[in-house]
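# Geometric and topological summary
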Amino acid sequence: MQDLAHYWATEHDWSKCEARLKALPHYITEIDGLDIHFVHVRSKHEDALPLVVCHGWPGSIVEQLKIIGPLTDPTAHGASAADAFHVVIPSMPGYGFSGKPASPGWDPVRIGKAYVELMKRLGYQRFVAQGGDWGAVVVDAMAGGRADPAAAEPAPPELIGIHTNMAGVIPPELFTAAFAGSPPPSDLSGEELSTYEQLRTFFATHVAYGLITGTRPQTLYGLADSPIALAAFILDHGDGSGQPGLVQQVLEERLERPSDLTRDDILDNITLFWLTNTGVSSVRLYWENKLPFFSVKGVKVPVGVSTFADEIYRAPRSWAEQAYPNLVHYSRHDRGGHFAAWEQPQLLTEDVRETFRSLR
């Protein structure tokens, strides 16, 4: 942290990120009494497919910047015009330049409904959605997914498919057992057993930040008082490589696998949280949430799943097929982790294109 703080104070150049943000078209619209900020980049290809990209915590629109060009302008990035998207990237309520909820109720279901309303306001009567981390929970909820899969609702007719890089595929009984630290059932395949053990490790050693944000978020005022407290809390999110996981490898310049993530990327994101004073307002989402993070939610629309080597848990194809009966694409990658758009933008972009190609 001392090394990072010194670099942040003496070498990190926020103005570079500021210039990248200023080069994009930004908008704010009020939905359900709250200002929702979003970036909206239309492709030059008029028949492009509208796509809403949903970030999570501790993410922001900064996390998604690398995929805007390849998605909106595929011909400049080695792909076909037929793969073009109009891209909308909202800041979640309490995050970035969106409003901070002053009353309870802004959970993933409400956020998902707000994003559907946003896309309709933009004139898109047919669109798709992509998400990771909280964004993955939001896109499941947008598509009608609920805590009890049997209570899932029909997806809004405008939403024709989703792509997720943190798939809600864990069978509910295994989610509960892993949380309790129970031994694995004997009937799991090798791939399923590996995922179960990942979950047990995550719940036993990594999830404490989620427990405090889910129960006492208003006590975390250090996130508003100290940039170093904010940075340390954000960095310790972790992934399948532990805590801080791949982020630590990047900061210590000892990457074990290729990654596009840089120290400046990480500090750009933390700086945005600091400048907008959203350290506390962002984590209230953990308290608001009533959906299981990783479990099956009864989604019926077409779904694409990407699972990366160092994700919190890898989604086995067998569980993805059970969780999403309309699974149209599945990719298992040998590199990348929890922040796919940051770490592996090319792989994620290719998966998004492939997922939605048949739905155009």
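Keep in mind it's a predicted model, so treat the numbers as computed, not measured.

### Here we look at the overall build of the chain
Within the chain one finds 16 helices and 8 strands. In summary, the chain has a C-alpha radius of gyration of 19 Å against a globular reference of 21 Å for 360 residues, a match within 12%. Its C-alpha atoms give the chain principal-axis dimensions of roughly 50 × 50 × 45 Å. The buried share of the chain, taken over its 360 residues, is 60%. Here the analysis covers contacts within the chain between residues at least 6 apart in sequence; of these, 77% occur between residues at least 24 apart. Summed over its atoms, the accessible surface of the chain is roughly 14,100 Å², and 52% of this surface lies on carbon and sulfur atoms. Computing the positive centroid from 29 side-chain charges and the negative centroid from 43, the chain places the two 4 Å apart.

### Focus on the pairing of strand β3 (residues 49–54)
A large share of β3 lies buried, amounting to 6 of its 6 residues. Along β3, one buried face is formed by L49, L51 and V53 and the opposite face, lined by P50, V52 and C54, is buried too. As defined by bridge partners, β3 adjoins strand β4 (residues 85–90) across 4 bridges and the pair is classed as parallel. Paired with V52 across the two strands is V88, which belongs to β4.

### A look at helix α5 (residues 134–142)
Buried residues dominate α5, accounting for 9 of its 9 residues. When we look at burial in α5, the residues that qualify are W134, G135, A136, V137, V138, V139, D140, A141 and M142. At its buried positions, α5 is contacted by β3, α4 (108–121), β5 (127–131), β6 (159–164) and α13 (279–288). The positive-phi residue at the C-terminal boundary of α5 is G144, with phi of around 95 degrees.

### Side note on the packing of aromatic side chains
Per the stated rule, a full pass over the model turns up 19 aromatic pairs. Ring geometry for F179 and F203: centres 5.0 Å apart, planes at 65 degrees, overall edge-to-face. Taken together, the positions of F179 in helix α6 (residues 172–180) and F203 in helix α7 (residues 190–206) put the pair 24 residues apart, joining distant regions of the chain. Exposure remark for F179: the relative accessible area of 48% places this residue in the partly exposed category. Their ring planes at 45 degrees and their centres at 6.1 Å tell us that Y286 and F293 sit as a pair that is tilted. Owing to a relative accessible area of 8%, Y286 belongs among the buried residues under this scheme. Among the aromatic residues, those joined into a cluster by ring pairs are W57, W134, F175, F179, F202, F203, Y209, F233, Y286, F293, F294 and Y313.

### Let's talk about the sheet that holds strand β1 (residues 26–31)
By definition, the strands of a sheet pair up through backbone hydrogen bonds, in either a parallel or an antiparallel sense. The sheet built from 8 strands is open, its strands ordered β1-β2-β4-β3-β5-β6-β7-β8 with mixed pairing. Where the open sheet ends on each side, the last strands, each with one partner, are β1 and β8 (327–332). Strand-to-strand twist across the sheet, computed as the mean angle between neighbouring axes with direction ignored, equals 20 degrees. Sheet topology places β1 next to strand β2 (residues 34–41); 6 bridges connect them, and they run antiparallel. Bridge pairing links T29 to I36 in β2.

### Examining the pairing of β4
In terms of burial, β4 is largely enclosed, as 6 of its 6 residues are buried. Judged by which residues are buried, β4 turns out to be covered on both faces: F85, V87 and I89 on one side and H86, V88 and P90 on the other are all buried. As judged from the 4 bridges shared by β2 and β4, these two strands associate in the antiparallel manner. Note that in β4 the partner of V39 across the bridge is I89. The β-α-β motif built from β3, the intervening helix α3 (residues 65–72) and the parallel element β4 has right-handed crossover chirality.

### So, the side chain of D268
By the element assignment, D268 lies in helix α12 (residues 263–276). No salt bridge forms around the buried D268; measuring N to O, its nearest opposite-charge neighbour R20 is 4.5 Å away. Separated by 2.7 Å, the side chains of D268 and H12 make a polar contact. Excluding residues that lie within four positions of it along the chain, D268 makes contacts with H12, W14, C17, R20 and V62.

### What about the packing of α6 against α7?
Remark: α6 packs on α7, axes separated minimally by 8 Å, with the N-to-C direction vectors making an angle of 45 degrees. Compared by their axis directions, α6 and α7 come out oblique. Every pair of crossing elements has a handedness; the one defined by α6 and α7 is right-handed. Residue-level inspection shows L174, F175, A177, A178 and F179 of α6 in contact with α7, the latter providing Y196, L199, R200 and F203.

Parameters at a glance
Every chain begins its residue count from 1, and numbering advances along the sequence as written. In keeping with the predicted nature of the model, local features appear solely for residues at pLDDT of at least 70, side-chain atom pairs appear and are counted solely at 80 or more, and the whole-chain, interface and lining totals rest on all residues. Water and hydrogen atoms were dropped before computing side-chain values, which therefore reflect all heavy atoms in the structure. Secondary structure elements follow DSSP: runs of H or I no shorter than four residues count as helices, runs of E no shorter than two count as strands, and numbering proceeds from the N terminus. Put simply, the radius of gyration uses C-alpha atoms, and a globule should come to 2.2 Å times the residue count raised to 0.38. In this scheme, a residue with accessible area under 20% of its type's maximum is buried, one over 50% is exposed, and one in between is partly exposed, where area comes from a 1.4 Å probe on protein chains only. Any two residues whose heavy atoms approach within 4.5 Å are treated as being in contact. Each accessible area is a Shrake-Rupley result for a 1.4 Å probe, and residues are judged covered by the shown protein chains and nothing else. Charge convention: Lys and Arg are scored as positive, Asp and Glu as negative, and His as well as the terminal groups of each chain are ignored. Where a charge sits is defined by one atom per residue type, namely NZ (Lys), CZ (Arg), CG (Asp) or CD (Glu). One bridge is not enough; two strands pair if DSSP finds at least two bridges between them. Each Phe, Tyr or Trp ring (for Trp, its six-membered ring) is paired with any other whose centre lies within 6.5 Å, and the angle between the two planes then decides the class: stacked below 30 degrees, edge-to-face above 60, tilted in between. Between the N-to-C directions of two axes lies an angle of 0 to 180 degrees, each axis being a line fitted to C-alpha atoms and, for a helix, fitted only over the stretch in contact. Seen with its strands pointing away from the viewer, a crossover is right-handed if its path from the first strand over the helix to the second goes clockwise. Here, a salt bridge means any side-chain nitrogen of Lys or Arg that lies within 4 Å of a carboxyl oxygen of Asp or Glu. Here a polar contact is recorded for every N or O atom pair within 3.5 Å, except that within protein the pair must consist of a potential hydrogen donor and a potential acceptor, and residues adjacent in sequence are included only if both atoms are side-chain atoms. An angle counts as roughly parallel when it lies under 35 degrees, as roughly antiparallel when it exceeds 145, as roughly perpendicular when it falls between 65 and 115, and as oblique in every other case. Less than a right angle of anticlockwise turn of the near helix away from the far helix marks a crossing as left-handed, whereas a clockwise turn marks it as right-handed.

Honestly, that's just the spatial picture; any functional story needs more than this.
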